[in-house]
Amino acid sequence: VASMDWGGRMEEVIPHLIVDGAHNAHGIKALIESAASLERPLRVVFACLKDKDKEEMIRKLHDFADEFILTEFDFYRAMHVDDLVLSYPVYKVKDWKKAIEIAQSKKDGTVLITGSLYFISEVMNSLKAK
């Protein structure tokens, strides 16, 4: 196959809103490399599963992003923002739809939604329904 389109991988769903299922430390590293050329400021919305190396992923994304929002989604394995204690301040918004709304409220730059593939699937279904 000469060309392959993998949904949910650096996918621009609407202008200046990118979705990427970077759900582990290796995926976050690759995402950061790919996202280096995105229009700034870069606002990242992130949610992951409890059993992932969430602290490392959050730190890398937090350091890379101009604005970072940690959120959660309704899934039995999902990380809850209130359960996470970090050594630096992180903007936490429990409702992922509200988190995306906040990220999109500024009209410049790019919004990057990333994390769990379950989260990305939920986001994609919601965005495509609009």
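Computed from a predicted model, the values in this text were never measured in an experiment.

**A closer look at the confidence of the model for the protein**
Then, number 1: Model confidence for the protein is summarised by a mean pLDDT of 91, while 94% of its residues fall at 70 or above.
Then, number 2: Mean pLDDT across the secondary structure elements of the protein bottoms out at strand 1 (residues 11–14), with 90, and peaks at strand 3 (residues 42–47), with 98.
Then, number 3: Confidence drops under pLDDT 50 across residues 1–6; counting only partners more than four residues distant or on other chains, this segment forms zero contacts.

**Concerning the pattern of salt bridges**
Should the charged atoms of two oppositely charged side chains come close, the side chains can pair.
Then, number 1: All chains considered together, the criterion is met by eight salt bridges.
Then, number 2: For the salt bridge of Lys60 with Glu56, the shortest nitrogen-to-oxygen distance reads 2.9 Å. In this pair, Lys60 and Glu56 are both assigned in helix 2 (residues 54–64), four residues apart and thus about one turn of the helix distant.
Then, number 3: Among the residues examined, Glu56 registers a relative accessible area of 26% and is labelled partly exposed.

**Thoughts on the packing of helix 3 (residues 96–104) against helix 4 (residues 117–129)**
Then, number 1: The geometry of helix 3 relative to helix 4 is characterised by a closest axis approach of 11 Å and an angle of 70 degrees between their N-to-C directions. Of the possible angle classes, the one that applies to helix 3 and helix 4 is roughly perpendicular. When you trace helix 3 past helix 4, the crossing you get is right-handed. Facing helix 3, whose interface residues are Trp96, Lys97 and Ile100, helix 4 presents Phe119, Glu122, Val123 and Ser126.
Then, number 2: Of the residues that constitute the contact of helix 3 with helix 4, the class distribution is four nonpolar, one polar and two charged.

Basis of the calculations
Residues numbered from 1 in each chain as written. Predicted model: local features only at pLDDT ≥ 70, side-chain atom pairs only at ≥ 80, totals over all residues. Heavy atoms only, no water. pLDDT = per-residue confidence, 0-100. Helix = DSSP H or I, 4+ residues; strand = E, 2+ residues; numbered from the N terminus. Contact = heavy atoms within 4.5 Å. Salt bridge = Lys/Arg side-chain N within 4 Å of Asp/Glu carboxyl O. Buried < 20%, exposed > 50% of the residue type's maximum accessible area, 1.4 Å probe, protein only. Axes fitted to C-alpha atoms, helices over the stretch in contact; angles between N-to-C directions. Parallel < 35°, antiparallel > 145°, perpendicular 65-115°, else oblique. Left-handed = near helix turned anticlockwise from the far one by under 90°. Nonpolar A, V, L, I, M, F, W, Y, C, P; charged D, E, K, R; others polar.

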